[in-house]
Amino acid sequence: MQPSDAPRAVPSLGRVVAVHGSVLDLAFPKDALPALLEAVEILWDGPERLIAEVQLHLDPETVRAIALQASSGLARGVAARATGAPLTAPVGDAVLGRLIDVMGTPRDGGPDLPADGPRLPIHRAPPSLSQRSPKREPIATGIKVIDLLAPLARGGKGAMFGGAGVGKTVLVMELIRKMADLHSGISVFAGIGERSREGQELWEETRASGVLDRTALVFGQMNEPPGARWRVGLTALTIAEHFRDAAKRDVLLLMDNVFRFVQAGAEVSGLLGRLPSRVGYQPTLASEIAELEERIASTEGAVVTAIQAVYVPADDFTDPAVAELFSHLDSSIVLSRAMAAEGLYPAIDPLTSTSSLLDPLVVGEEHYRLAEDVRRTIAHYRDLQDVIALLGIEELSAADRLAVKRARRLQRFLTQPFAVTEAFTGHSGVSVPLADTLAGCRAILDGVGDDWAESSFFMTGTLDQARARETEGKRG
Ligand SMILES: Nc1ncnc2c1ncn2[C@@H]1O[C@H](COP(=O)(O)OP(=O)(O)OP(=O)(O)O)[C@@H](O)[C@H]1O
């Protein structure tokens, strides 16, 4: 939905005629009804400035709007002023090193942003097809399983999918650390509907990585009204687009958690009185997701690389919101509860995680074949798991036993200690160059570690480190 631009008398003053939680009905003079998506300021004496965004025209004199801040205590009859413009976000250098909310108000306890600084509307059309750059090249993150099986694309979109507590946030934080070295551009972080504690951790993490001065953090957390959680992603995107278009700087856009954006949209839809669609989601699910995802685009001048975390409700990957998000991505990293339960972190499922870059023309024939071989070996082991549980491994053929042995070693080799979990795992974080990841997996498939203890591969970096651990283990 784009803002309509029908001419009308401004400024127009109206009043609140009904309040249903975050949804406000506002009456205006007949010839001065605010447009759809226009921002309306409620002139109340509440704790903070209250802005609402027009969503529906109910009749020639009444609009229904969604509040972006808490509206409790708001009474009927309070005056409202149509601003004549959509919501805007502050853009440019002023937001770097700052933590702001959906409206661009600083939440880090620091000074206000300059009042005359540049601002842009948060609703914009995505770049046209001819302005987009189709170039995608893999980024080596140093995380073995990602680089091997689901490479992330520079200038592309990647997402981490997982149920509650399987490690999405840890993975996002680790990627921020790794990207601090790999990415010299601007980072924009959108914290959507997650816990405030996680926002705090992220702020600390960004500071610790030394990238705060080129990072903007935009938060609409769990405790904020649905309007704020619904629009905060667009605020972050507007900031990212400005750096891409005006400053021609590469942008790393991180979003945690896109599912909360969908959920906020569902809450808004219900509050506006729309009938729910499949599984209770809003009828506009696909278009809302597309509105957000299609704007994450790279142009010829500069690229936007997006990394998103997606919560999967009840571990159900057929959930309509999750299924819809999948279709917008270049790389999908799927986190598995079974692997997390076994302590195989990062719990990235090697069989269901994919990337459009895993193509011989992009990563090369050798990498592609190796990834296929690793997948095949692990898939074969999974097929045999029921038989092993029932009859024991001794009942398998010699060839199957060998495959199981290698698959288990590969699974362990693909685990890796993270820098952000050092404090509670006791292992210091490692980064593995792609060539070492490929060489290690090839060697395991060729049987190099057949006689080594499985534990030698667990939470290591390169194969040489696993070998060193094996030798140490034997000596000890
Ligand atoms: N790479 C890892 N190494 C060690 N432990 C990990 C790792 N990843 C996750 N964990 C463990 O799993 C826990 C949950 O991880 P995290 O908070 O990232 O999950 P989440 O998927 O973001 O959860 P939620 O949906 O609740 O936000 C961590 O506190 C940690 O104990």
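Residues numbered from 1 in each chain as written. Predicted model: local features only at pLDDT ≥ 70, side-chain atom pairs only at ≥ 80, totals over all residues.

Under an unreviewed UniProt entry, the name given to the chain is ATP synthase subunit beta, and the source organism is Azospirillum cavernae. The UniProt entry for the chain carries the following text under Catalytic activity (unreviewed entry): "ATP + H2O + 4 H(+)(in) = ADP + phosphate + 5 H(+)(out)". Per its UniProt entry, the chain bears the Function (unreviewed entry) comment "Produces ATP from ADP in the presence of a proton gradient across the membrane. The catalytic sites are hosted primarily by the beta subunits." (UniProt positions renumbered as here; feature names shortened; annotations may be inferred.)

Draft legend 1. Region of the structure containing the site of the ligand. Taken together, 14 residues are adjacent to the ligand, and Gly167, Lys168, Thr169, Val170 and Tyr345 come closest. Per-element accounting of the shell around the ligand gives the leading share, three residues, to helix 2 (residues 168–182). Looking at side-chain class alone, the shell around the ligand contains seven nonpolar, six polar and one charged residues. (Near = placed C-beta within 6 Å. Helix = DSSP H or I, 4+ residues; strand = E, 2+ residues; numbered from the N terminus. Nonpolar A, V, L, I, M, F, W, Y, C, P; charged D, E, K, R; others polar.)

Draft legend 2. View of the domain arrangement of the chain. By the assigned domains, the chain splits into domain 1 (12–86), domain 2 (90–355) and domain 3 (365–475). Computed over C-alpha atoms only, the centres of domain 1 and domain 2 are separated by 29 Å. With 17 residues of domain 1 at the interface, the matching set in domain 2 holds 13 residues. Secondary structure elements with two or more residues in the side of domain 1 that touches domain 2: strand 4 (50–59), strand 5 (62–67) and strand 6 (79–86). Of the residues forming the side of domain 1 that touches domain 2, the biggest block, four residues, is contributed by strand 4. In terms of residue class, the side of domain 1 that touches domain 2 is made up of ten nonpolar, five polar and two charged. (Domains from an automatic or database assignment. Contact = placed C-beta atoms within 7 Å.)

Draft legend 3. Local environment of the sheet that holds strand 12 (residues 157–162). Strand order across the open sheet formed by eight strands is 8-14-13-15-16-12-17-18, with mixed pairing between neighbours. With partners counted over all chains shown, the strands left at the sheet margins are strand 8 (99–100) and strand 18 (354–355), one partner each. In the sheet, strand 12 pairs with strand 17 (residues 331–334) via four bridges, with the strands oriented parallel. Of the residues in strand 17, the one forming a bridge with methionine 160 is isoleucine 333. Where helix 3 (residues 196–208) meets the sheet, it contacts strand 8, strand 13 (186–192) and strand 14 (215–220), and its direction lies at approximately 180° from that of strand 14. (Pairing = 2+ DSSP bridges. Axes fitted to C-alpha atoms, helices over the stretch in contact; angles between N-to-C directions.)

Draft legend 4. Region of the structure containing the nonpolar core. Ranked by internal contacts, the top residues of the largest apolar core, which has 123 residues, are Val188, Val218, Ile239, Leu253 and Val310. Counting residues per element, this core draws most heavily on helix 4 (residues 226–245), at nine residues. (Core = buried A, V, L, I, M, F, W, Y, C linked by C-beta atoms within 7 Å. Buried ≥ 20, exposed ≤ 12 C-beta atoms within 10 Å, placed from the backbone.)

Draft legend 5. Just unusual backbone geometry, in detail. A cis geometry characterises the amide bond from aspartate 256 onward to asparagine 257, with omega recorded as 25°. Turning to its location among the elements, asparagine 257 is positioned in the loop between strand 15 (251–256) and helix 5 (258–271). Of note, the amide linkage connecting tyrosine 345 to proline 346 takes the cis form, showing an omega dihedral of -5°. Tracing the sequence through the fold places proline 346 in the loop between helix 8 (337–341) and strand 18. You will see that leucine 37, though not glycine, has its phi angle at about 65°, which is positive. Mapped onto the fold, leucine 37 is located in the loop between strand 2 (23–27) and strand 3 (38–42). Under the C-beta neighbour-count criterion, leucine 37 is labelled partly exposed, with 19 such atoms within 10 Å.

Draft legend 6. A look at the UniProt feature "binding site: ATP" (unreviewed entry) in the chain. Within the UniProt annotation, "binding site: ATP" (unreviewed entry) is assigned to Gly162, Gly163, Ala164, Gly165, Val166, Gly167, Lys168 and Thr169. Within the secondary structure layout, glycine 163 lies in the loop between strand 12 and helix 2. Residues within four places of glycine 163 in sequence aside, it is in contact with Val312, Ala314, Asp315 and Arg337.

Draft legend 7. Molecular detail of the environment of valine 78. Mapped onto the elements, valine 78 comes out in the loop between strand 5 and strand 6. The class for valine 78 is partly exposed, based on 19 C-beta atoms found within 10 Å. The spacing of valine 78 and aspartate 45 is 33 residues in sequence and 9.4 Å in space, taken between C-alpha atoms. Apart from the residues within four sequence positions on either side, valine 78 is in contact with Arg15, Val16, Ile42, Leu43 and Trp44.

Draft legend 8. Spotlight on the sheet that holds strand 2. An order of 1-2-5-4-3-6 is seen for the six strands of this closed barrel, with the pairing classed as antiparallel. Going from strand to strand, the sheet's axes swing by 45° on average, the running direction of each strand aside. Bridge analysis of strand 3 against strand 4 gives four bridges, and the strand direction is antiparallel. Within strand 4, the position partnered with alanine 39 by the bridge is glutamate 53.

Draft legend 9. Quick look at the packing of helix 2 against helix 3. Two elements in contact, helix 2 and helix 3, have axes whose closest approach is 10 Å; the angle formed by their N-to-C orientations is 20°. By the angle between their directions, the pair helix 2 and helix 3 is classed as roughly parallel. As for the relative orientation of helix 2 and helix 3, their crossing is right-handed in sense. Here Thr169, Met173 and Ile176 of helix 2 lie close against helix 3, whose contacting residues are Glu198, Leu202, Glu205 and Thr206. Partitioned by chemical class, the residues of the contact of helix 2 with helix 3 number three nonpolar, two polar and two charged. (Parallel < 35°, antiparallel > 145°, perpendicular 65-115°, else oblique. Left-handed = near helix turned anticlockwise from the far one by under 90°.)

Draft legend 10. Expanded view of the packing of helix 11 (residues 398–413) against helix 13 (residues 434–445). Packing of helix 11 against helix 13 leaves a shortest axis separation of 9 Å and a crossing angle of 165°. Classed by the angle they form, the pair helix 11 and helix 13 counts as roughly antiparallel. Seen from above, helix 11 lies across helix 13 with right-handed handedness. Between helix 11 and helix 13, the contacting residues are Arg406, Arg409, Leu410 and Phe413 on the first element and Gly440, Cys441, Ile444 and Leu445 on the second. Class assignment for the residues of the contact of helix 11 with helix 13 results in five nonpolar, one polar and two charged.

Draft legend 11. Highlighting the pairing of strand 15. Most of strand 15 sits inside the fold, with six of its six residues counted as buried. Residue alternation in strand 15 divides its side chains into two sets, Val251, Leu253 and Met255 and Leu252, Leu254 and Asp256, and both sets are buried. Bridge count between strand 13 and strand 15: six bridges; the pairing is parallel. Following the sheet pairing, valine 188 is matched in strand 15 by leucine 253. Pairing geometry for strand 15 and strand 16 (residues 304–311), over six bridges, is parallel. Within strand 16, the position partnered with leucine 254 by the bridge is isoleucine 307.

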